[in-house]
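Residue-level structural notes
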Amino acid sequence: VINYPTDKRKAHIILEEAIALDDTDYKSLYQIGLDYLAGGTRTDIPNSGSDQKAYEYLNKAYSLAKTKGDAEYVSIIEADLNKVKKLLGNGK
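Owing to the predicted nature of the structure, the values given are computational and were not obtained by experimental measurement. (Residues numbered from 1 in each chain as written. Predicted model: local features only at pLDDT ≥ 70, side-chain atom pairs only at ≥ 80, totals over all residues. Heavy atoms only, no water.)

Notes on the packing of aromatic side chains
- As enumerated under the stated definition, the model contains 3 aromatic pairs in all.
- Considering the side-chain rings of Y26 and Y73, the 5.7 Å spacing of their centres and the 75° angle between planes classify their relative orientation as edge-to-face. You can see Y26 sitting in helix α2 (residues 26-38) and its partner Y73 sitting in helix α5 (residues 71-87), a full 47 residues away along the chain.
- Using a relative accessible area of 12% as the deciding quantity, one classes Y26 as buried.
- Y73 sits in the buried class, given a relative accessible area of 18%.
- By way of ring pairs, the aromatic residues Y26, Y30 and Y73 are connected into one cluster. (Phe/Tyr/Trp six-rings, centres within 6.5 Å; stacked < 30°, edge-to-face > 60°. Helix = DSSP H or I, 4+ residues; strand = E, 2+ residues; numbered from the N terminus. Buried < 20%, exposed > 50% of the residue type's maximum accessible area, 1.4 Å probe, protein only.)

Observations concerning the packing of helix α4 (residues 51-68) against α5
- Two numbers describe how α4 lies on α5: the axes approach to 9 Å, and their chain directions differ by 155°. For the element pair α4 / α5, the angle class is roughly antiparallel. Handedness of the α4/α5 crossing: left-handed. For the pair formed by α4 and α5, the contact residues are D51, A54, Y55, L58, N59, A61, Y62, A65 and K66 on the first element and Y73, V74, I77, E78, D80, L81, V84, K85 and L87 on the second. (Axes fitted to C-alpha atoms, helices over the stretch in contact; angles between N-to-C directions. Parallel < 35°, antiparallel > 145°, perpendicular 65-115°, else oblique. Left-handed = near helix turned anticlockwise from the far one by under 90°. Contact = heavy atoms within 4.5 Å.)

Observations regarding the environment of R9
- If you trace the backbone, R9 turns up in helix α1 (residues 8-21).
- Along the sequence, R9 and R42 sit 33 residues apart, while their C-alpha atoms lie 8.3 Å from each other.

Digging into the pattern of salt bridges
- Per the counting criterion, the structure on display carries 3 salt bridges.
- Among the ionic pairs, D23 bridges to K60, the shortest N-O distance being 3.4 Å. One end of the pair, D23, is in the loop between α1 and α2; the other, K60, is in helix α4, and 37 residues separate them in sequence.
- Residue classification places K60 among the partly exposed positions, given a relative accessible area of 36%.
- K83 is the partner of D80 in a salt bridge, and the nearest nitrogen-oxygen pair spans 3.4 Å. (Salt bridge = Lys/Arg side-chain N within 4 Å of Asp/Glu carboxyl O.)

Here it is in structure tokens:
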């Protein structure tokens, strides 16, 4: 097993750049949604958590994965999307 040091902040910025280039990349949308769901523990950026942003990114990723027919990602995203909906009090 090879362990590489992870720059969580840089990874988050790269995801933002990837989405800016292609906002239909549901895999990147899913990952950035998880960033917002976990916040600083995943990004090393203080106060970067946002259940609302997580919902927006995960919901878009879910819709795009469904349209592309990627059943594996639909299932994975759906589970996390349901967690966020509960955190938001099923407000969405």
